[in-house]
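# Descriptive structure summary
If you want the building blocks of each chain, they are given just below.
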Amino acid sequence: MTTIIGGGIAGSCLAGGLARRGEPAVVYEQQRPGPGAGAFLFIDGRGHEAMAAMGVDSDALHGASYALSGLDYADSSGRRSEMPSRGHRFWLRRNLMGVLSEFVASSGAELRHGEPVTDIALDSAAVQRGSRAEPVAGLLVAADGIDSVVRSRFEPERHPVYAGDVVLYGMTSAPLDPPPSSSPAVLHFSAEIAEDGSSAATLGHIWRPDDPAALWFVRIAREPLAGDSDDLGMRPVDDWADTVLAATPSNRALVSQFLEHTEMVHVSNARNVPLDSARDPEDSVVLIGDADHAITPAAGVGARDALEDARAVFDAIIGGTSPATAMLSRREQLTAERAATQRRMPRRRTA
């Protein structure tokens, strides 16, 4: 038996994939099945390969997303670079969760939804939901995100830390007229470089002529926002318009166009979950995705990393090997890939 806490992207793929291979799986998720809400994301070929390896239908995945033509980068110091798509596809998160909800529903996995898991008793192998303690059997997989309840019990000293950026996601309410001068179906990044050479802010956007909306985000290096939660939620765009314009002087006309056609933005403090002090996983408890190694959205590979974690655990269970060993190998891979990415990125600053 595999018990999965969190029925998001990775948890759903793992639960559905195991059940389809005859391995009993239970997944706990607060939200009801279905697309839900959420912003947008980009998943590369490796992420889609991981989903297909766990049994998600590739045609369904392709039908609910679209391929990127490429990715490009420019900054205010004049540096430019382009990268061809490596199987990248653009997703509205609700569309991806719609596909995965159907995948889980038809797999035979048991889905327990409607109440959040508020605590885990690792010593007695039970989850707390409301006033009830429910026993769990077999492997416990934490796929419950950056504020993981499982991690809080398994590794109480390892906490999320502010990553140095406030991130805003926006979606225009109508097609832009005239359309942006940037190439369509390309993920564009435009960085503002400070006098000391550090990255002060980054604008990202993507659009297509046949889409009803353009999607954009801004990452601003600054002190964290105060509030009851680091995920501060939806805010009127007018509350942030001046801040966004001030942070993106190299793209004032484009940003003004986005702001004019956007009603609400999602605002959050970007956070990381450090790996350097992580406790080794065990064959009774493993953490995957943001529960184990969240990283600022600057890297753009969070969903891919979580999906490859889920595949590693899936392969270990199906192959009769150790899920803990599989996740140790994943951590080594992640650490090496992040170090290589960091060497290529401009320095970042907070103000």
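Residues numbered from 1 in each chain as written. Predicted model: local features only at pLDDT ≥ 70, side-chain atom pairs only at ≥ 80, totals over all residues. Heavy atoms only, no water.

Naming follows an unreviewed UniProt entry, where the chain appears as FAD-binding domain-containing protein of Nocardia vermiculata.

## Considering the pairing of strand β11 (residues 132–135)
The pairing of strand β10 (residues 126–129) with β11 spans four bridges and is classified as antiparallel. Across the sheet, residue Gln128 finds its bridge partner in β11, namely Ala133. Following β10, the chain reverses through two residues before pairing antiparallel with β11; Gly130 in that reversal takes a positive phi of roughly 60 degrees. (Pairing = 2+ DSSP bridges. Helix = DSSP H or I, 4+ residues; strand = E, 2+ residues; numbered from the N terminus.)

## Quick notes on the confidence of the model for the chain
Taken over all residues, the pLDDT of the chain has a mean of 90, while the share at 70 or more is 92%. Taken element by element, the predicted model of the chain shows its lowest mean pLDDT in strand β17 (residues 231–236) (83) and its highest in helix α1 (residues 9–20) (98). (pLDDT = per-residue confidence, 0-100.)

## Points about the packing of α1 against helix α4 (residues 93–105)
Look at α1 against α4: their axes get within 9 Å of each other, and the N-to-C directions meet at 20 degrees. Comparing their axes, α4 and α1 come out roughly parallel. Crossing of α1 over α4 shows left-handed handedness. Contacts between α1 and α4 involve Ile9, Ser12, Cys13, Gly16, Gly17 and Arg20 from the former and Arg93, Leu96, Met97, Leu100, Phe103 and Val104 from the latter. When grouped by side-chain class, the residues that make up the contact of α1 with α4 number seven nonpolar, three polar and two charged. (Axes fitted to C-alpha atoms, helices over the stretch in contact; angles between N-to-C directions. Parallel < 35°, antiparallel > 145°, perpendicular 65-115°, else oblique. Left-handed = near helix turned anticlockwise from the far one by under 90°. Contact = heavy atoms within 4.5 Å. Nonpolar A, V, L, I, M, F, W, Y, C, P; charged D, E, K, R; others polar.)

## Let's talk about the packing of aromatic side chains
All told, the structure shown has eight aromatic pairs when counted by the stated rule. When the centroid spacing of 6.1 Å and the interplanar angle of 70 degrees are considered together, the rings of Phe189 and Phe217 count as edge-to-face. With Phe189 in strand β14 (residues 186–193) and Phe217 in strand β16 (residues 215–221), this pair connects stretches of sequence that are 28 residues apart. Judged by relative accessible area, Phe189 falls into the partly exposed class, the value being 21%. Three or more aromatic residues joined by ring pairs form one cluster here, namely Phe40, Phe42, Tyr66, Phe90, Tyr169, Phe189 and Phe217. Between Arg208 and the ring centre of Tyr66, over which it is positioned, the NZ or CZ distance is 3.6 Å. When the ring centre of Phe154 is taken as reference, the NZ or CZ atom of Arg279 above it lies at 3.9 Å. (Phe/Tyr/Trp six-rings, centres within 6.5 Å; stacked < 30°, edge-to-face > 60°. Buried < 20%, exposed > 50% of the residue type's maximum accessible area, 1.4 Å probe, protein only. Lys NZ or Arg CZ within 6 Å of the ring centre and 35° of its normal.)

## Quick word on the domain arrangement of the chain
For the chain, the assigned domains are domain 1 (2–47 + 93–160 + 274–344) and domain 2 (162–272). Taken over C-alpha atoms, the centre of domain 1 sits 28 Å from the centre of domain 2. In this complex, domain 1 contributes 13 residues to the contact, which on the side of domain 2 involves 15 residues. At the boundary of domain 1 with domain 2, total buried surface from both sides reaches about 1200 Å², with 69% on carbon and sulfur atoms. Inspection of the domain 1/domain 2 interface yields one salt bridge. The salt bridge partner of Arg271 is Asp147, with a shortest N-O separation of 3.0 Å. At the boundary of domain 1 and domain 2, one finds one residue pair in polar contact (both at pLDDT 80 or more). A class-by-class count of the residues in the side of domain 1 that touches domain 2 yields ten nonpolar, two polar and one charged. (Domains from an automatic or database assignment. Buried area = accessible area lost by both parts, 1.4 Å probe. Salt bridge = Lys/Arg side-chain N within 4 Å of Asp/Glu carboxyl O. Polar contact = N/O pair within 3.5 Å; in protein donor to acceptor, adjacent residues only side chain to side chain.)

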